[in-house]
Amino acid sequence: MNSLRKIPATVITGFLGAGKTTLVRHLMEQANGKRIALIINEFGDLGVDREILAACGVKGCTEDTIIELANGCICCTVADEFLPTMDALLNRADPPDHIVIETSGLALPKPLVKAFHWPEIRHRVTVDGVIAVIDANATAAGRFADDPEAVQAMREADDSLDHDNPLEEVFTDQLLCADMVVLNKADLLDDVGLAALESALKAQVRPGVHLVPTAYGKIDPAVLLGLDKAAEDDLDARPSHHDGDDEHDHEDFETFFIDLGPVDDLDALEARLLTAINEHDILRIKGFLDVPGKAMRHLVQAVGPRLDHYYDRPWKADEQRASRLVVIGLHGLDREAITNRIRGLAPVAAL
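Residues numbered from 1 in each chain as written. Predicted model: local features only at pLDDT ≥ 70, side-chain atom pairs only at ≥ 80, totals over all residues. Heavy atoms only, no water.

S.K.: Which parts of the structure should I look at to understand the overall build of the protein?
M.R.: Within the protein one finds 11 helices and 12 strands. Counting over 351 residues, the protein shows a buried share of 54%. When contacts within the protein are restricted to residue pairs at least 6 apart in sequence, long-range pairs at least 24 apart make up 79% of them. With an accessible surface of roughly 16,100 Å², the protein has 49% of that area assigned to carbon and sulfur atoms. (Helix = DSSP H or I, 4+ residues; strand = E, 2+ residues; numbered from the N terminus. Buried < 20%, exposed > 50% of the residue type's maximum accessible area, 1.4 Å probe, protein only. Contact = heavy atoms within 4.5 Å. Areas by Shrake-Rupley, 256 points an atom, 1.4 Å probe, with all protein chains shown as cover.)

This is how it looks when you write it as structure tokens:
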């Protein structure tokens, strides 16, 4: 009964581009008057996800309800970033009815859930549930291994293989901590493919964890919120590859920014972006563009070879129009070559 007196918090995890921000935006659109505070942890400091949500035009989804943590992965900066933010949020004159925490794609959920035991917040907030959002189509195509331990054993047996790629471990840790797994982009799979994916995932998740197929993050908030799992009191049942570690290393990833001038030809830029992604195995590109003659800002988001772009909101009167992209990939990106390709300083190969 004690947990019922606490403010519930939902932790939303998922790899880069799985659709976490789209799902959160849908939650806000269907909040029906419930005061929801958002804590968003982005990899890099461009603030794209926060801007997407703040520009959604939904009542209650305003800049003062959205808190961005962009100074590092949330599970590595719990004491410095997350706890002071939570303390300030809970001490507001009108505290939220529910808190939604969108982690970066690289975050391990278990250290974050552990933080809810800290004295500053443990009597005032509880982890209502941990939601893992996956890209169903990419996962079905083998983006992550079903058995990370077998993959690691294979790597250790072959000196020619790279032994230090944490993607599978991060993905598996997110699944093992989850109370629900949202199979986003399920519409890209046929019935046979979806059934095969669900069967494979059921062998990985904990007993009783539900798999929920969806498209474009459209899921009834009543399904996600109100799980009442008190996950912070159930940590032993949520195994992790990193149990016993004080921290985890993100040196395998890097992020950098590319500033562009006004973009007159969106089609040409799209071709250059797709070429750069294919040539350099870029995981994610996101940002905003200044298109001359257009009163609205142009949003760009790319996950692997899938690229979306659209006008999201008008430029503000006191806002400097600019074009800036953030690029995320594995360590060792050729920043100069990627920048030149995207800026059009290198020839684009035929797609």
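Now that the structure has been shown, we can carry on.
S.K.: It is not clear to me how the packing of helix 10 (residues 266-280) against helix 11 (residues 335-343) should be interpreted in this structure. Could you clarify?
M.R.: Helix-helix packing is described using two parameters, namely the angle between the two axes and the distance between the axes. Where helix 10 contacts helix 11, the two axes come as close as 8 Å, and the packing angle between them is 155°. Between helix 10 and helix 11, the angle is such that the two are roughly antiparallel. The element helix 10 and its partner helix 11 pack so that their crossing is right-handed. Side by side, helix 10 and helix 11 meet where Leu269, Arg272, Leu273, Thr275, Ala276, Glu279 and His280 of the first sit next to Ala337, Ile338, Arg341, Ile342 and Arg343 of the second. (Axes fitted to C-alpha atoms, helices over the stretch in contact; angles between N-to-C directions. Parallel < 35°, antiparallel > 145°, perpendicular 65-115°, else oblique. Left-handed = near helix turned anticlockwise from the far one by under 90°.)

S.K.: Is there a simple way to think about the pattern of salt bridges in this case?
M.R.: Side chains bearing opposite charge may pair, as long as their charged atoms lie close to each other. Applying the stated rule across the entire model yields 12 salt bridges. Residues Arg238 and Asp234 are paired through a salt bridge, measuring 3.5 Å at the closest nitrogen-oxygen approach. According to the relative accessible area criterion, Arg238 is buried, its value standing at 1%. On the accessibility criterion, Asp234 (28% relative accessible area) is partly exposed. Through salt bridges that share partners, Asp179, Arg206, Asp234 and Arg238 make up one connected network. (Salt bridge = Lys/Arg side-chain N within 4 Å of Asp/Glu carboxyl O.)

S.K.: Please explain empty space enclosed by the protein as it appears in this structure.
M.R.: Any space left empty among the atoms is revealed by the rolling of a water-sized probe across them. One pass over the full model with this rule turns up one cavity of 30 Å³ or more. Of the volumes computed, that of the largest cavity is approximately 40 Å³. In this structure, the largest cavity is lined by Leu266, Leu269, Glu270, Leu273, Leu289, His298, Val300, Leu307 and His309. Those elements that place two or more of their residues in the lining of the largest cavity are helix 10, strand 10 (296-303) and strand 11 (306-314). Sort the elements by how many residues they give to the lining of the largest cavity and helix 10 lands first, with four residues. For the lining of the largest cavity, the residue count by class is six nonpolar, two polar and one charged. (1 Å grid on protein atoms, 1.4 Å probe; cavity = no way out; pocket = protein on both sides within 12 Å on 5 of 7 lines; lining within 4 Å. Points joined across faces, edges and corners; volume = space filled by probe spheres on them. Nonpolar A, V, L, I, M, F, W, Y, C, P; charged D, E, K, R; others polar.)

S.K.: Looking at this structure, how should I read the side chain of Thr275?
M.R.: Locating Thr275 in the fold gives a position in helix 10. The exposure class assigned to Thr275 is buried, which follows from its relative accessible area of 4%. Looking at Thr275, its side chain comes within polar contact range of the main-chain oxygen of Ala271, at 2.9 Å. (Polar contact = N/O pair within 3.5 Å; in protein donor to acceptor, adjacent residues only side chain to side chain.)

S.K.: Would you mind showing me how to read the packing of aromatic side chains here?
M.R.: The geometry of two aromatic rings is summed up by the distance between their centres and the angle between their planes. Across all of its chains, the model carries zero aromatic pairs by this definition. Looking at Arg297, its charged tip hangs above the ring of Phe288, at a distance of 3.7 Å from the centre. The ring of Phe257 has Arg324 lying over it, and the distance from NZ or CZ to the ring centre is 4.4 Å. (Phe/Tyr/Trp six-rings, centres within 6.5 Å; stacked < 30°, edge-to-face > 60°. Lys NZ or Arg CZ within 6 Å of the ring centre and 35° of its normal.)

S.K.: Can you walk me through the environment of Ala186 in this structure?
M.R.: You can see Ala186 is positioned in the loop between strand 6 (180-184) and helix 8 (191-202). Overall, Ala186 belongs to the buried group, its relative accessible area being 9%. For the pair Ala186 and Ala140, spaced 46 residues apart in sequence, the C-alpha to C-alpha distance is 9.9 Å. Other than its neighbours up to four places away in sequence, Ala186 contacts Ala136, Leu194, Pro213 and Thr214.

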